[in-house]
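One-letter residues, chain by chain:
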Amino acid sequence: MGKQMTEMLKGTLEGIVLALLTGKPAYGYEITTLLRDKGFADIAEGTVYALLVRIEQKGLVDVEKRPSEKGPPRKVYTLNAQGDEYLEEFWRTWSFLAERLEQLREGGK
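Below, the structure is looked at part by part.

Cut-off values and rules
- Residues numbered from 1 in each chain as written.
- Predicted model: local features only at pLDDT ≥ 70, side-chain atom pairs only at ≥ 80, totals over all residues.
- Heavy atoms only, no water.
- 1 Å grid on protein atoms, 1.4 Å probe; cavity = no way out; pocket = protein on both sides within 12 Å on 5 of 7 lines; lining within 4 Å.
- Points joined across faces, edges and corners; volume = space filled by probe spheres on them.
- Helix = DSSP H or I, 4+ residues; strand = E, 2+ residues; numbered from the N terminus.
- Nonpolar A, V, L, I, M, F, W, Y, C, P; charged D, E, K, R; others polar.

### Focus: the layout of surface pockets
Size it by volume and the largest pocket reaches roughly 420 Å³. Along the wall of the largest pocket there are 17 residues; nearest its centre are Met8, Leu9, Thr12, Ile16 and Trp94. Within the residue set of the lining of the largest pocket, elements represented by two or more residues are helix H1 (3–20), helix H2 (28–37) and helix H4 (81–105). Ranked by residue count, the leading element in the lining of the largest pocket is H1, at seven residues. When the residues that make up the lining of the largest pocket are grouped by side-chain class, the tally is 15 nonpolar, one polar and one charged. Each pocket or cavity is described by its volume, and for the second largest pocket that value is around 190 Å³. Lining the second largest pocket are twelve residues, with Thr6, Lys10, Leu13, Ile43 and Thr47 sitting closest to its centre. Mapped by element, the contributors of at least two residues to the lining of the second largest pocket are H1 and helix H3 (45–57). When grouped by side-chain class, the residues that make up the lining of the second largest pocket number seven nonpolar, two polar and three charged.

So this is what it looks like as structure tokens:
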């Protein structure tokens, strides 16, 4: 993944992760795996964990610690009402940008 792709993804990764959590709570490693399954293979695990800290601080997810068979308890992230609102806004913004970019690519028709 090129530098440009990485820069562009930075702003959208929160929305992508919240979308993955829609209707399906998950813990950090599961989220990284889901991202890879969806084709975001080059995203570092550290990037995902830093992002999870951010969305938790913003109050977009509820976090529950669940015991793990091995190692420390796992933090399970669930999208909450505030996260739902954020995601709705994210999709609106995404649609708006995608339409404008498409128009530009087609030569402003």
